[in-house]
Number of protein chains: 2
Amino acid sequence: MFSVFKKYIESKATLSDDEWAFIESVSNVKKFRKHQLVLKEGDVWNFHAFICDGCVRRYSTDADNVEHTIQFSIENWWTGDRESLLNETPSKLNIEAIENTTVLLIHKDDFDKICEKIPTFSSIISSILQKSMNTMQKRIQADISYTAEEKYLHFLEFYPQLANRVPRHMLASYLGVTPETLSRIRKLAYKK
Amino acid sequence: MFSVFKKYIESKATLSDDEWAFIESVSNVKKFRKHQLVLKEGDVWNFHAFICDGCVRRYSTDADNVEHTIQFSIENWWTGDRESLLNETPSKLNIEAIENTTVLLIHKDDFDKICEKIPTFSSIISSILQKSMNTMQKRIQADISYTAEEKYLHFLEFYPQLANRVPRHMLASYLGVTPETLSRIRKLAYKK
DNA sequence: CCATTCTCTTGATAAATGTCAAGATTTTTT
DNA sequence: AAAAAATCTTGACATTTATCAAGAGAATGG
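- With an unreviewed UniProt entry as reference, chain A is termed Crp/Fnr family transcriptional regulator, source organism Flavobacterium panici.

## Overview of the protein's contact with DNA strand C
Then, number 1: By nearness alone, 17 residues border DNA strand C, and A:R168, A:H169, A:R184, A:K187 and B:T181 come closest of all.
Then, number 2: Backbone polar atom of B:T178 to a phosphate oxygen of DNA strand C: 3.2 Å apart, as the coordinates give it.

## Examining the sheet that holds strand 4 (residues 55-61) of chain B
Then, number 1: Taken in spatial order, the four strands line up as 2-7-4-5 (chain B) in an open sheet, and their pairing is antiparallel. What marks the edges here is a single partner per strand, and that holds for strand 2 (37-39) and strand 5 (67-74) of chain B. Each strand axis lies, on average, 30° off the axis of its neighbour in the sheet, ignoring direction.
Then, number 2: Examined bridge by bridge, strand 4 of chain B and strand 5 of chain B share seven bridges and lie antiparallel to one another. Note that in strand 5 of chain B the partner of B:V56 across the bridge is B:S73.
Then, number 3: The strands touched by helix 5 (residues 119-145) of chain A within the sheet are strand 4 and strand 5 of chain B, with strand 5 of chain B carrying the most contacts at an inclination of about 125°.
Then, number 4: Packed onto the sheet, helix 8 (residues 168-175) of chain B meets strand 4, strand 5 and strand 7 (94-97) of chain B and runs at close to 105° relative to strand 5 of chain B.

## Observations concerning the domain arrangement of chain A
When the parts come together, some accessible area is lost, and that loss is often what is quoted as the size of the interface.
All names here are of chain A.
Then, number 1: Domain annotation for chain A reports domain 1 (1-121) and domain 2 (130-192).
Then, number 2: Between the C-alpha centres of domain 1 and domain 2 the distance comes to 24 Å.
Then, number 3: With 14 residues of domain 1 in contact, the opposing surface of domain 2 contributes 11 residues.
Then, number 4: Buried area between domain 1 and domain 2, summed over both chains or domains, comes out near 1,000 Å², and the portion from carbon and sulfur atoms is 56%.
Then, number 5: Of all residues in domain 1, T69, F72 and I74 give up the largest surface area on contact with domain 2, accounting jointly for 46% of the area buried on that side.

## Quick word on the nonpolar core
Then, number 1: Membership of the largest hydrophobic core comes to 23 residues, with the highest contact counts inside it found for A:F5, A:I9, A:I23, A:W78, A:I114 and A:F121.
Then, number 2: Secondary structure elements with two or more residues in this core: helix 1 (2-10), helix 2 (17-25), strand 3 (47-53), strand 8 (101-107), helix 4 (108-117) and helix 5 of chain A.
Then, number 3: Ranked by size, the runner-up nonpolar core spans 22 residues in total, among them B:Y8, B:C52, B:I114 and B:F121.

## Some thoughts on the protein's contact with DNA strand D
Then, number 1: In the vicinity of DNA strand D, 17 residues are found, and the nearest of them are A:T181, B:R168, B:H169, B:R184 and B:K187.
Then, number 2: The share of sugar and phosphate among atoms of DNA strand D within 4 Å of the protein is 63%.
Then, number 3: Between DNA strand D and A:A148 there is a distance of 3.0 Å, counted from a phosphate oxygen to a backbone nitrogen or oxygen.
Then, number 4: At a separation of 3.3 Å, a base oxygen of DNA strand D approaches a polar side-chain atom of A:R184.

## Regarding the packing of aromatic side chains
Then, number 1: Under the criterion given, the structure shown has 29 aromatic pairs over all chains.
Then, number 2: Arranged with centres 6.3 Å apart and planes meeting at 65°, the rings of B:Y8 and B:W78 form a pair that is edge-to-face. Pair noted here: B:Y8 is in helix 1 (residues 2-10) and B:W78 is in strand 6 (residues 78-79), with a separation of 70 residues, a long-range link. B:W78 carries the same exposure label as B:Y8, and that label is buried.
Then, number 3: Following the ring pairs from residue to residue traces out a cluster consisting of A:F2, A:F5, A:Y8, A:W20, A:F50, A:W78, A:F111 and A:F121.
Then, number 4: The side chain of B:K117 reaches across the aromatic face of B:F22, ending 3.8 Å from its centre.
Then, number 5: Geometry around B:Y174 places B:R139 over its ring, the cationic atom sitting 3.7 Å from the centre.

## Topic: the relation of the copies chain B and chain A
Then, number 1: Each copy of the sequence occupies a distinct position, and chain B is placed on chain A by a rotation of 180° and an axial shift of 0.0 Å, giving an RMSD of 0.0 Å. Both chain copies can therefore be described as sitting about a two-fold axis.
Then, number 2: Take the interface residues of chain B: 100% of them recur as interface residues in chain A, which is what a same-surface contact looks like.

Each value, and the rule that gives it
Residues numbered from 1 in each chain as written. Chains lettered and ligands numbered in written order. Predicted model: local features only at pLDDT ≥ 70, side-chain atom pairs only at ≥ 80, totals over all residues. Heavy atoms only, no water. Near = heavy atom within 4 Å. Polar contact = N/O pair within 3.5 Å; in protein donor to acceptor, adjacent residues only side chain to side chain. Pairing = 2+ DSSP bridges. Helix = DSSP H or I, 4+ residues; strand = E, 2+ residues; numbered from the N terminus. Axes fitted to C-alpha atoms, helices over the stretch in contact; angles between N-to-C directions. Contact = heavy atoms within 4.5 Å. Domains from an automatic or database assignment. Buried area = accessible area lost by both parts, 1.4 Å probe. Core = buried A, V, L, I, M, F, W, Y, C linked by side-chain atoms within 4.5 Å. Buried < 20%, exposed > 50% of the residue type's maximum accessible area, 1.4 Å probe, protein only. Phe/Tyr/Trp six-rings, centres within 6.5 Å; stacked < 30°, edge-to-face > 60°. Lys NZ or Arg CZ within 6 Å of the ring centre and 35° of its normal. Least-squares fit on C-alpha atoms with pLDDT ≥ 70 in both.

Next comes the structure, spelled out in structure tokens:
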């Protein structure tokens with residue numbers, strides 16, 4: 001599964017064999033069954049995590065025990081809890097495999113070493129961060145501007161692969177509506 | 001006004017006189033009157049922008065000409081349009097001074113040079129980016145989890161300085177509700 | 001393959017928020 | 001200081017979304 005990661009990085013820049021050897025030496029490939037937690041609320045998150053295969057969702061649980069899905073991540077995306085990673089505080093999030101999933105984990109200390117040793121890698125990562133910020137900003141824009149129906153259609157447009165892959169009640173919690181509302185929206189959208 | 005920026009950076013790390021001289025040589029301090037646009041939709045944004053004094057808001061305008069405030073930034077924060085900066089595409093956003101505002105602008109090419117020459121600076125910036133991502137994520141969580149009233153109270157809690165500084169209709173558009181709804185929420189919140 | 005559990009949909013009703021219109025208040029301009 | 005413009009609030013009503021309850025449908029485990 002390391003090859004998936006290698007292919008992903010090499011689509012952005014070329015690294016030497018030595019560099020790859022180092023990266024591989026600090027990489028851990030771990031498999032999670034559907035429903036297993038990659039990160040459990042309360043634990044400190046110490047990794048950078050790349051999805052080689054499968055699908056996970058990041059979510060928080062509110063005072064009424066309702067789950068709110070912050071993000072879905074599929075193969076060739078990253079996941080994790082940046083807040084816990086950065087501040088070394090217990091995470092307030094859960095990350096759950098919603099399919100059988102293979103994750104490549106690199107401990108943050110090792111990750112920092114890679115970035116130090118390999119400036120190319122470092123700049124790839126920073127460009128990924130930038131893109132990820134753009135994505136988050138678009139999400140915020142959608143959240144404050146759109147009606148529930150518009151949010152759903154927007155999601156379909158931007159993540160068509162995901163719409164059929166994630167359970168609907170999780171999609172509802174991602175969009176910030178109840179499953180019932182999503183169900184009704186879908187019914188209306190079909191008619192059009 | 002350069003001193004404000006210097007003080008901000010020096011609260012995080014120390015740079016040499018030479019390094020400061022270089023940074024200052026590529027910095028542009030620009031003043032904006034209340035209501036003036038720092039960035040106009042359609043223009044390409046080429047800068048990194050630090051607010052020395054004042055307050056701006058970043059907003060988009062939707063198909064019905066309704067404005068949606070994405071973020072407020074005051075002194076000691078950054079502003080700009082990362083998407084336009086990164087992709088060199090016309091911006092879809094406006095940035096408006098909502099007070100008389102002083103901004104320190106550094107052209108992206110110069111900014112990249114600073115980061116190359118001064119690794120300390122570069123790592124300060126990347127840690128700021130990380131924090132900013134955490135903030136955005138919390139915003140997303142609030143947007144999908146909270147009722148309008150909770151969003152307002154949450155805003156008061158996290159940005160007490162801002163609540164009295166920004167016009168209410170802009171705050172409403174930041175929270176994703178109409179000015180009328182915000183007005184009613186405030187009335188209820190007082191009673192409690 | 002059946003039973004159980006989980007997920008999705010539908011209906012009835014309640015609650016939250018939006019829309020439109022008008023008046024009060026504040027700010028800006030002259 | 002007065003007039004004009006912009007902002008904020010309030011009321012009546014419409015629309016959207018949530019809640020609760022029930023049943024249909026799908027996935028899961030023995």
